[in-house]
Amino acid sequence: MATGVLDIFPPSQSYLIDRYIRELPRELLARYDAGGRPGTDETGRRVYGLWAQLRLGLGGKDGEEYPEEVLRLVREVAGGDIPWTFEDTRSLWEIADWLSSRGQTSHAEVYRIPLAAIATLEYPERRQILGDVPPWHPAHHSPGRAALRKDLWRVLTEPREHGAAGIVRSLVWDGDPIARAMAGKYADRLTHPAVLPLLKHWRKAKANRPSEPWLARVRTLLTDDGVAVLREILSRLATHRESREPGGRVFLASHTVLPLRGMLWTCEVIDAPWVSTLLGDVAMNCGIGRNGTGGAAVCRNERLANAALNALAKRGGLDTVGVLARVRAKLRRPALLAKASDALDAVAVQEGLSHEQLVDRTVPAFGLGPDGVREEQAGDCVVRLDVAGPVLRFVNASGRVVKSAPQAIHKDPVLADLKATLKDLKRTQAAERLRLEQMLIVERELSWGEVEQYFFDHPVTGPYTRALIWRLPGGFAGLPVRSGDGWTLADAGGASVPRPDAGTPVRLWHPIQENADGVRGWRDHLLERGLRQPFKQAFREIYLLTPAEERTRTYSDRFKGHLVRYGQAKALLEQRGWSGLSIGHWDYEGGGDVGEAVKTLAGWQASWGMQVASDPQQDAYGTASRAATDAIRFRHANFPGDAPLTEVPPLVLSELLRDADLAVGVGSLGLDQQAAAGYDGYWRSYGFGELSETARTRRDALARLLPRLKIADRLELTDRFLRVRGRLRTYRIHLGSGNILMEPNDAYLCIVPGHDSAAASVFLPFEEDGGMLSIILSKAFLLADDTRISDPTITRQLVAP
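Computed from a prediction, not measured in an experiment: that's the story for all the values here. (Residues numbered from 1 in each chain as written. Predicted model: local features only at pLDDT ≥ 70, side-chain atom pairs only at ≥ 80, totals over all residues. Heavy atoms only, no water.)

1. So, the environment of Leu-130
- Mapped onto the secondary structure, Leu-130 falls in helix α8 (residues 123-130).
- Here Leu-130 falls in the buried class, since its relative accessible area comes to 8%.
- Taking the C-alpha atoms as reference points, Leu-130 and Leu-50, 80 residues apart in sequence, are found 18 Å from one another. (Helix = DSSP H or I, 4+ residues; strand = E, 2+ residues; numbered from the N terminus. Buried < 20%, exposed > 50% of the residue type's maximum accessible area, 1.4 Å probe, protein only.)

2. Section: the nonpolar core
- Residues Trp-608, Phe-634, Leu-722, Val-724, Leu-749 and Leu-783 are the most contacted members of the largest nonpolar core, which totals 86 residues.
- Leaving out residues up to four positions away in the same chain, Val-724 has contacts with Arg-714, Leu-715, Arg-729, Thr-730, Tyr-731, Ile-733, Ala-780, Leu-783 and Ala-784.
- Ranked by size, the runner-up nonpolar core spans 68 residues in total, among them Met-182, Leu-252, Val-275 and Leu-336. (Core = buried A, V, L, I, M, F, W, Y, C linked by side-chain atoms within 4.5 Å. Contact = heavy atoms within 4.5 Å.)

3. Structural notes on the sheet that holds strand β18 (residues 721-725)
- As summarised here, the arrangement of the five strands in space is β17-β18-β19-β20-β21, forming an open sheet in which the pairing is antiparallel. Bordering the open sheet on either side are β17 (715-717) and β21 (747-749), each of which pairs with just one other strand. In this sheet, neighbouring strand axes are inclined to one another by 30° on average, regardless of whether the strands run parallel or antiparallel.
- Relative to strand β20 (residues 740-742), strand β19 (residues 730-734) is paired through three bridges, and the arrangement is antiparallel. Considered in β20, the bridge of Ile-733 is made with Ile-740.
- Its contacts with the sheet place helix α30 (residues 680-688) against β18, β19, β20 and β21, and it is angled at close to 95° to β19. (Pairing = 2+ DSSP bridges. Axes fitted to C-alpha atoms, helices over the stretch in contact; angles between N-to-C directions.)

4. Quick look at the environment of Thr-266
- Mapped onto the secondary structure, Thr-266 falls in helix α17 (residues 254-266).
- A C-alpha to C-alpha distance of 8.5 Å links Thr-266 and Arg-219, two positions 47 residues apart in sequence.
- Excluding anything up to four places from it in sequence, Thr-266 contacts Trp-202, Trp-214, Val-218, Leu-222 and Leu-230.
- There is a polar contact of 2.7 Å between the side chain of Thr-266 and the backbone oxygen of Gly-262. (Polar contact = N/O pair within 3.5 Å; in protein donor to acceptor, adjacent residues only side chain to side chain.)

5. A short note on the pairing of strand β16 (residues 626-635)
- Here two bridges tie strand β12 (residues 555-556) to β16, and the two strands are oriented antiparallel to one another. Along β16, the bridge assignment pairs Ser-556 with Ile-632.
- Across three bridges, the pairing between strand β13 (residues 563-565) and β16 is antiparallel. Each residue of the ladder has a partner; that of Val-564, found in β16, is Ala-627.
- Where strand β15 (residues 604-612) lies against β16, seven bridges are found, and the strand directions are antiparallel. Of the residues in β16, the one forming a bridge with Gln-605 is Arg-635.

6. Considerations on the sheet that holds strand β5 (residues 391-395)
- The strand order across the open sheet formed by four strands is β3-β4-β5-β6, and the pairing between neighbours is antiparallel. The open sheet terminates on both sides in strands that have one partner only, identified here as β3 (373-378) and β6 (401-402).
- Of the strand pairs in this sheet, β5 and β6 are connected by two bridges, and their pairing is antiparallel. Across the sheet, residue Val-395 finds its bridge partner in β6, namely Val-401.
- Helix-sheet contacts for helix α23 (residues 413-442) involve β3, β4 (381-386) and β5, and the interaxial angle to β3 is about 160°.

7. Quick word on the pattern of salt bridges
- Following the criterion strictly, the structure yields 59 salt bridges and no others.
- The residue Asp-151 makes a salt bridge to Arg-154 at a minimum N-O spacing of 3.4 Å. Here Arg-154 and Asp-151 lie together in helix α10 (residues 149-156), a separation of three residues that amounts to about one turn.
- A salt bridge links Asp-700 to Arg-704, with the nearest nitrogen and oxygen atoms 2.6 Å apart. You can see Asp-700 and its partner Arg-704 sitting in helix α31 (residues 693-705), four residues apart, about one turn around the helix. (Salt bridge = Lys/Arg side-chain N within 4 Å of Asp/Glu carboxyl O.)

8. Points about the confidence of the model for the protein
- Counting all residues, the mean pLDDT for the protein is 88, and 92% of those residues have values of 70 or more.
- Here residues 291-296 is modelled with pLDDT under 50, and outside its nearest four sequence neighbours on either side it reaches 22 contacts, counting other chains as well. (pLDDT = per-residue confidence, 0-100.)

9. Overview of the packing of aromatic side chains
- What the rule picks out here adds up to 16 aromatic pairs.
- For the ring pair Tyr-32 and Tyr-48, a centre distance of 5.0 Å and an interplane angle of 80° mean the geometry is edge-to-face. Of this pair, Tyr-32 sits in helix α2 (residues 26-33) while Tyr-48 sits in helix α3 (residues 42-55); the two residues are 16 residues apart in sequence, bridging distant segments of the chain.
- Residue Tyr-32 is classed as buried on the basis of its relative accessible area, which comes to 1%.
- For Tyr-48, a relative accessible area of 5% corresponds to the buried category.
- When the ring of Trp-604 is compared with that of Phe-639, the centres are 5.9 Å apart and the planes differ by 35°; the resulting orientation is tilted. Remark: Phe-639 occurs in the loop between β16 and α29 (650-667) and Trp-604 occurs in strand β15; sequence separation between them is 35 residues.
- The rings of Trp-448, Phe-455, Phe-456, Trp-470 and Trp-487 are connected pair by pair, giving a single aromatic cluster.
- Taking the ring centre of Tyr-123 as reference, the NZ or CZ of Arg-126 above it sits at 4.1 Å.
- Lying over the aromatic face of Phe-721, Arg-732 brings its terminal NZ or CZ to 4.7 Å of the ring centre. (Phe/Tyr/Trp six-rings, centres within 6.5 Å; stacked < 30°, edge-to-face > 60°. Lys NZ or Arg CZ within 6 Å of the ring centre and 35° of its normal.)

Printed below as a string of C-alpha cells:
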C-alpha cells in the first residue's frame, strides 16, 4: 500500500495535523496521494499546496536528493497563484520547520513554498508568522531558517515607498507598543541620516555586555539627535506595561529588545545628569513582574534589567548610589539583586564605607533648603518646590500663591526641570520611608553624629526622622528636638537629655521593647501634637507568642485558613521582602498549585504556605486568583528542621507575623462588599468576627480619635465595632473589614468606599493599612447624617423591614 503524506507524521507531531489540517477535506489529500490534480476551486488548490509541502516529508533526509517529480511539484506550487490564507501560510512554515528539524537538508526546497506563500501576505502578517516562538517550537531547532537568512530578510524588508515607518518596522518590527511608537512617533527622527546608522548599530546588541569595539563604534555614531531620541524612548520603556498582542500578553517582543539593549549600552558613553536616574527607572520596571510585582520567579525582561544595572555599575560614583539603593529595595530576582549589590559594593569600597553608610550619605537633596523648600524664577513667576506634600506652588507676578502654573511659563525649561525633580522627589520619599522602616525592623545601630548629619538635618529624610522615636543605650527614648546647633531627644512627658556625644550609639525605638504604659504614653503624645509618623511605630502592632503557638511548638496557625486574593496578598508580601511564591493551575503533579512565601530576617527564615483556591477555568488555567493560607514555620542554621517558636527572637517573630497580618488585611475575601459564591462562611467570619492585631491597633487609634470628632456624641466603640447612631437607623461598622450591619436585625449594608470631606480633615497618626481607618471614619460620617444620603443604591437598603 502506498504511503500517504499524513502517514509520515509521528504521534508526537500530530498537533501539526490537528491544529492546521483537521478542517481540510481529507478526501482531497487522499486523491492527491493517488495522483489526482486540483480543479479550479480555491479550496482544492490550497489543499494541493499544503499536500505538496507535506510531500517533502517522504524524502530528502541526511543529504538525500528529492525525486525529480517532487521537485517539479514544489516549484509548480511555489510559482502558482494559489490564494494562500494567513493560517495556510503559518501551517506551511510550521511544517517546513518540523521537516528541517527532522534532518531534511535541502533547505531551499523545504522552504520554497512557505517563502512564496508569505510573500503574498501583508508585512504585519509576515512578521507575526516569523516572529517570536516558544522554546519548544521546531523553529528553534531548524537549521533551514539560519541557512535562508537572506531570503527571510528579503520577505521582511518593507519597500522604500513605505517611508520612514517601513524602514523602522523592517528593523524593529511591530510586536509591541514601543516598537509601534518607534515606527510611528519616532520614525522620522530614527531614520534621519544622523541617527539611522545608530539604530542599525543598536540592533547588534546581541551579547551579554558591550565590547570595546561596539562602544567605540557608538562614540563615532552618537549625535545630539541620537541622544535626544534615545532618552525619550528609554523614558517610555521606564513606564511601559504589558499589552495584549496576537500571540498573547507581551511585555516586549524580542526584536524590540535588541535596539533597546543597544540604547542602554549607549548610556555608558553619555555624560549627562539624567542618565543614572533613567537607568534606575528602566532597571526597576524591567526587573519586576507583571502588574508591578517583584517576585523572584517573575521578571518582565531580565536582559534589559541587566543591561541597565551593568551601565549603572560601569558609571559608578556617588551619584549612582541612591538610584541603585532604590532599585535594590524593589527587585526580588536573586541575579538582579546580586548585581545591584555588587555595584553598590564597588562604590562603597572606593569610599571606604558600608552599604548602609553609603546610602545615608547619598540621599539627594534636590536643591531644597533646610526648610524643605526650593525656589526658582520662571519668567515673572516664582516656582516653589516644597517637600511637604511634595508639591509645586506658584507665586505670580503680583505675589499671590496660585495652584497651577501661569500660562506664560508652561513651556519654560525651569518648570519642566522642576516637574521632573518633583517626580524624583516622590520616588525618593517612598524609598526613604521603606529604608527607615527596615532600619527599625533590623535594629540598625548608628552613631549620634551620623543621625544628626544625615538624618535629622536632611531636607528630604529629616521630616520623617524627626517624627520618629529614637532610643539611647540607657533606655531613654524620645523625639528629636533642637539643642543649640544640634539635636537631642525629648520623651513623651517633655523631659530631655543633654545632647549626646557624636559617637553615642542610637537606634529606632520599637514598641516591643517598651511596657504597655510607655506605648500608650507615646500614642497619646503623637495625637496631642498632631504628629504623623512615616510608618507605624508608636501604633505598631505587636505579635507575642500565644498559648496555641506554644502548643504547636514549631509552627504558627495564627494566619492559617484565610482566603485571599492571591495577586494582592503576593504584591504586599513582595513589597515587604518576601519571595518565592508562585502558584497556579499548572503541573498539579509537580505541586504547581501549592507554594511558599519566604523571608529572612536576622538569620531566621519564615515560610508561609499557600495553595490555589480558585476555579481553573475562571483563571484560564493560569495564575491563581485566590489562595488559601497555611501555617507559618521558622528555620535557623542552629536548628535542624523547623525551629521551636520559643527560640525565635520576639521582635523577629512579631515583624514576620505582622507581614502576614497585613497581607490578609489587604487581600482577604472577607473585605469584599458581598460574599463570593461558595465563600459565604469565610466572608461572615472575617467580615464580622474577631479582630486581628492590625484591627485591634486600629481600634486603639479610634478610641483616642473619637472624642475629637464633631460627631462624637453619635459614636460608640464596642469590642469589634464602631457603633454609629444615625437618624434613620443605628449601624455597626466592623473594625477589621469595614463591613456594616444595621440594627436591630443585623441586616447587611453595602456601601462602596468613597471620599468624605469631613473624614478627610481628621488627623490620623498613621495610614498604611490599606486605608481602612479612613474608610471606617468616612462611613461613620456618612451614616451619622443618614437623612442626607441621596444615593439610591444606599437609601433603598435603609428602609426598615
